[in-house]
Amino acid sequence: MKKTIILNLEDIKIEGDILDVSCENSGIVCSLSVDAKDEVALDSECDDVNVIKNKKYDACTFFFNLSSLWTLNKKESLINEVSELLKENGEIYIWDINKNVGELVDSKLRVLLPNGNIDEYNIKNNNIFSSSNYEETKSILEKTFKIQETKVWEDVYFIKGAKI
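The rules behind the values
- In this numbering scheme, every chain counts its residues from 1 along its sequence in written order.
- A pLDDT threshold of at least 70 governs which residues receive local features in this predicted model, and a stricter bar of 80 or more applies before side-chain atom pairs are shown or counted, although totals over entire chains, interfaces and linings include all residues.
- In computing side-chain properties, one takes all heavy atoms of the structure into account and sets aside hydrogens as well as water.
- Secondary structure elements follow DSSP: runs of H or I no shorter than four residues count as helices, runs of E no shorter than two count as strands, and numbering proceeds from the N terminus.
- What a helix should span is 1.5 Å times the count of its residues minus one.
- Here the term buried applies to any residue with accessible area under 20% of the maximum for its type, exposed to any over 50%, and partly exposed to those in between, with areas from a 1.4 Å probe on protein chains only.
- Contacts are residue-level and defined by heavy atoms, with any inter-residue pair within 4.5 Å sufficient.
- Think of it this way: a Phe, Tyr or Trp ring, Trp meaning its six-membered ring, pairs with another when their centres are within 6.5 Å, and the plane angle makes it stacked under 30 degrees, edge-to-face over 60, tilted otherwise.
- Charge over a ring is defined by NZ of Lys or CZ of Arg lying within 6 Å of the ring centre and within 35 degrees of the ring normal.
- Under this definition, polar contacts are N or O atom pairs within 3.5 Å; protein pairs additionally need one hydrogen-donor-capable and one acceptor-capable atom, and for neighbouring residues in sequence, both atoms have to be side-chain atoms.
- When a carboxyl oxygen of Asp or Glu lies within 4 Å of a side-chain nitrogen of Lys or Arg, that pair is called a salt bridge.
- Residues form patches when they are more than 30% accessible in relative terms and have no salt bridge. Like charges link within 9 Å. Nonpolar side chains (Val, Leu, Ile, Met, Phe, Trp, Tyr) link within 5 Å.
- The protein chains shown are the only cover counted for residues, whose accessible areas, like all others here, come from Shrake-Rupley with a 1.4 Å probe.

Caption draft 1: Representation of helix H2 (residues 72–84) within the structure. With 13 residues, H2 should cover 18 Å at 1.5 Å per step; its first-to-last C-alpha distance of 19 Å lies within 8% of that length. Restricting attention to buried positions, one finds in H2 the residues Lys 75, Leu 78, Ile 79, Glu 81, Val 82 and Ser 83. Summarising the contacts, the buried residues of H2 are in contact with strand S2 (18–20), strand S4 (57–63), strand S5 (86–97), helix H3 (134–141), strand S8 (145–153) and strand S9 (156–163).

This is the structure:
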């Protein structure tokens, strides 16, 4: 039986133009932003973000996909690339799993949205060589972002930061 994780995003509001680096779950970001003028979804597996480099964004979101990158270097590289696409004081929002090397993840995620709807997703990571955790992600972010909010519960973490 799959573990079910409940994530309450009722109070999350993201303003402005959003760079969404979570294509698979991109409907979430639309639900969190009432006034987004422009939302661009970018596949986290992209080697290059040149496609959108001519624009600066107010916010960037990662929704349970940063953990799919195998190495810490790839995660850091992607975060550095998207930070260059953010405006001064642009915000980054990361929701992801805590997973150690050797572990498998197969959970159901129920997300309570600001509009009162509940969306369900599967979170799956069968790569025994990958790891993902709050501490490593926070240490990457602290190089270019001021951490504004963090939450860690069950197997999930959330980090919000503002570009320095």
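Let us keep going from here.
Caption draft 2: Region of interest: the packing of aromatic side chains. Taken as a whole, this structure holds seven aromatic pairs when the rule is applied. Ring plane angle 15° and centroid distance 6.1 Å describe the contact between Tyr 93 and Trp 95, whose orientation is recorded as stacked. Assigned by exposure class, Tyr 93 and Trp 95 land together as buried. Taken together, the aromatic side chains of Phe 63, Phe 64, Tyr 93, Trp 95, Tyr 121 and Phe 158 make up a single cluster linked through ring pairs. The aromatic ring of Tyr 57 is capped on one face by Lys 55, whose charged end is 5.5 Å from the ring centroid.

Caption draft 3: Inspection of H3 at higher detail. Every buried residue belonging to H3 is among Tyr 134, Glu 136, Thr 137, Ile 140 and Leu 141, and all of these are buried. Near the N-terminus of H3, the side chain that reaches the backbone nitrogen of Glu 135, with its oxygen 3.1 Å away, is that of Asn 133.

Caption draft 4: Up close: the pattern of salt bridges. Across all of its chains, the model carries twelve salt bridges by this definition. Lys 3 serves as the salt-bridge partner of Glu 154, at 3.8 Å between the closest nitrogen and oxygen. Here Lys 3 lies in strand S1 (residues 3–8) and Glu 154 lies in the loop between S8 and S9, a separation of 151 residues in the sequence. Linking Lys 108 and Glu 120 is a salt bridge whose minimum nitrogen-to-oxygen distance equals 3.9 Å. With Lys 108 in strand S6 (residues 105–112) and Glu 120 in strand S7 (residues 118–125), this residue pair connects regions lying twelve residues apart in the sequence. We classify Lys 108 as partly exposed; its relative accessible area is 30%. Take Glu 120: its relative accessible area is 43%, and that puts it in the partly exposed class. Sharing partners across several salt bridges, the network here consists of Lys 3, Glu 154 and Asp 155.

Caption draft 5: Region of interest: a nonpolar patch on the surface. A grouping of Trp 70, Leu 104, Ile 128 and Phe 129 is seen on the molecular surface, where their side chains present a nonpolar patch of about 490 Å² in accessible area. As for its position among the elements, Ile 128 is in the loop between S7 and H3. According to the relative accessible area criterion, Ile 128 is partly exposed, its value standing at 39%.

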